[in-house]
Amino acid sequence: MRQPLVAGNWKMNGSKADAADLLNSIKAGAANIHKAEIAVCPPFPYLYKMEELLAGTGIRWGSQDVSRETNGAFTGQVSAVMLKDFGCTYAIIGHSERRMFNAETDAIVAKKYEQALASDLTPILCVGESLEEREHGRTEEVVARHLDAVLEGLGAEAIGRGVIAYEPVWAIGTGVTATPEQAQEVHAFLRQRIRAKSQPQADAVRILYGGSMKPVNAMELIGQADIDGGLIGGAALKASDFLAICAAAEANA
Ligand code: PGA
């Protein structure tokens, strides 16, 4: 049985004060969550707050990106070793916004994934098709390519050490959510592709759904056989919404 995970991706939002308020509310509400796992991924500067406010709670934290380099003259980048030093458990890798706005290729994503594993961080590998790709019937081809960057490049064991997030680009921040059937279909496809390499890794790996998940649709999405939780953007910025999604995961644990 896979433990559901609900991870909040705060993106580039908030302030020191907002981060503290949000965390304190989540902390208070999370007292009722025992079986599902909760994580928050704030912007880099607020990671020190996570250590301060979340140490000793069951809530984990992570980054939204990681450098593909180990250390040295890479102005503006943050290494996996540093993230580990700040107590991160997770690192989101290959989010569609980074693929889009920072020209991240599959090769770069695979390097970042490798860096995360080398520092004992759990990578959350984002995969997902655009609306145009879906409409042209290319969804499976695109998510397979995103997955294979790691599955073929680093192996099934590397996939098993991470988490996958299926995030259809057309559903991110748009308010349009994939239907539970649409999401389940892609999740099952991804798991099947991993199964072709390794049955145990396919059975164990958690595949999250992301893209306008909110309290009103979380229960049905997380209730699908191959959906093991959510990567939450907009709804992760409001404690009551985020906690309602965590409660849906708890009910499915
Ligand atoms: P959203 O974002 O929940 O606001 O759609 C999800 C994500 O980009 O991780």
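Asks: Pulling in residues and values, what's your account of the overall build of the chain?
Replies: Each helix and strand in the chain was counted, giving twelve helices and eight strands. Since a compact globule built from 253 residues should have a radius of gyration of about 18 Å, the 17 Å found for the chain is in line with a globular shape. Seen through its principal axes, the chain has C-alpha atoms that stretch 45 × 45 × 35 Å. The buried share among the 253 residues of the chain stands at 55%. For the chain, the distance from the average site of its 24 positive side-chain charges to the average site of its 31 negative ones is 3 Å.

Asks: Break down the nonpolar core for me, with residues and values.
Replies: Residues V40, M50, I159, I164, L190, Y209 and F242 are the most contacted members of the largest nonpolar core, which totals 70 residues. Per-element accounting of this core gives the leading share, seven residues, to helix α12 (residues 239–251). Once residues within four sequence positions are removed from consideration, L190 is found in contact with V127, V143, L147, I164, Y166 and I207. In terms of nonpolar packing, the next biggest core, distinct from the first, is built from twelve residues, L5, I92, V163 and L231 among them.

Asks: Give a description of the pairing of strand β6 (residues 163–166) that names residues and reports values.
Replies: Alternating residues of β6 divide into V163 and A165 and I164 and Y166, and every residue in both groups is buried. Alignment of β6 against strand β7 (residues 206–210), held across four bridges, turns out to be parallel. Bridge pairing in β7 places A165 opposite L208.

Asks: How would you sum up the side chain of K112? Please name residues and give values.
Replies: Mapped onto the fold, K112 is located in helix α5 (residues 106–118). Residue class for K112 comes out buried when judged on its relative accessible area of 6%. Of note is the side chain of K112, whose polar atom sits 2.5 Å from the side chain of E104. Ignoring anything within four residues of it in the chain, the contact list for K112 reads D65, V66, S67, R68, I93, R98 and E104.

Asks: So what's going on with the site of the ligand? Residues and values would help.
Replies: Every one of the 13 residues lining the ligand counts as a neighbour, but K11, H95, E167, G173 and S212 are closest to it. Here an oxygen atom of the ligand sits 2.7 Å away from a polar atom, N or O, in the main chain of S212. Within the backbone of G234, a nitrogen or oxygen atom sits 2.8 Å from an oxygen atom of the ligand. Look at the ligand: alone it shows 280 Å² of surface, and the protein chains cover 96% of it. Here the ligand occupies the second largest pocket. Of the residues in the shell around the ligand, the class split is four nonpolar, seven polar and two charged.

Reading the values: rules and limits
- Sequence order as written defines the numbering, with residues in each chain counted from 1.
- Reporting in this predicted model follows two pLDDT cut-offs: at least 70 for local features of residues, and 80 or more for side-chain atom pairs to be given and counted; totals over whole chains, interfaces and linings ignore these cut-offs and use all residues.
- Excluding hydrogens and water, the side-chain values take into account all heavy atoms of the structure.
- Secondary structure elements follow DSSP: runs of H or I no shorter than four residues count as helices, runs of E no shorter than two count as strands, and numbering proceeds from the N terminus.
- Radius of gyration here is computed from C-alpha atoms only, and the compact-globule reference equals 2.2 Å multiplied by the residue count raised to the power 0.38.
- For each residue, the accessible area found with a 1.4 Å probe, counting protein chains only, is set against the maximum for its type, and the residue is called buried under 20%, exposed over 50%, and partly exposed in between.
- Residues scored as charged are limited to Lys and Arg (positive) and Asp and Glu (negative), so that His and the chain ends carry no count.
- Throughout, a charge is located at the NZ atom of Lys, the CZ atom of Arg, the CG atom of Asp or the CD atom of Glu.
- Residues grouped as a nonpolar core are buried Ala, Val, Leu, Ile, Met, Phe, Trp, Tyr and Cys residues, joined through side-chain atoms within 4.5 Å.
- Any two residues whose heavy atoms approach within 4.5 Å are treated as being in contact.
- Pairing between strands requires that DSSP locate at least two bridges from one strand to the other.
- Counting of polar contacts relies on pairs of N or O atoms within 3.5 Å, with two restrictions inside protein: one atom must be capable of donating a hydrogen and the other of accepting it, and residues adjacent in sequence are counted only when both atoms are side-chain atoms.
- Here a residue is near a molecule or strand as soon as one of its heavy atoms is found within 4 Å of it.
- Computed by Shrake-Rupley with a 1.4 Å probe, the accessible areas treat only the displayed protein chains as cover when residues are assessed.
- A pocket here means an open set of points on a 1 Å grid, computed over the protein atoms alone, that has protein on both sides within 12 Å along at least five of seven lines. A cavity is instead a set of points where a 1.4 Å probe fits but cannot get out; residues with an atom within 4 Å of a point line either one.
- A pocket or cavity is taken to hold a molecule when more than half of that molecule's atoms are within 2 Å of the pocket's grid points.
- Under the scheme applied here, ten amino acids are nonpolar (Ala, Val, Leu, Ile, Met, Phe, Trp, Tyr, Cys and Pro), four are charged (Asp, Glu, Lys and Arg), and all others, including Gly, are polar.

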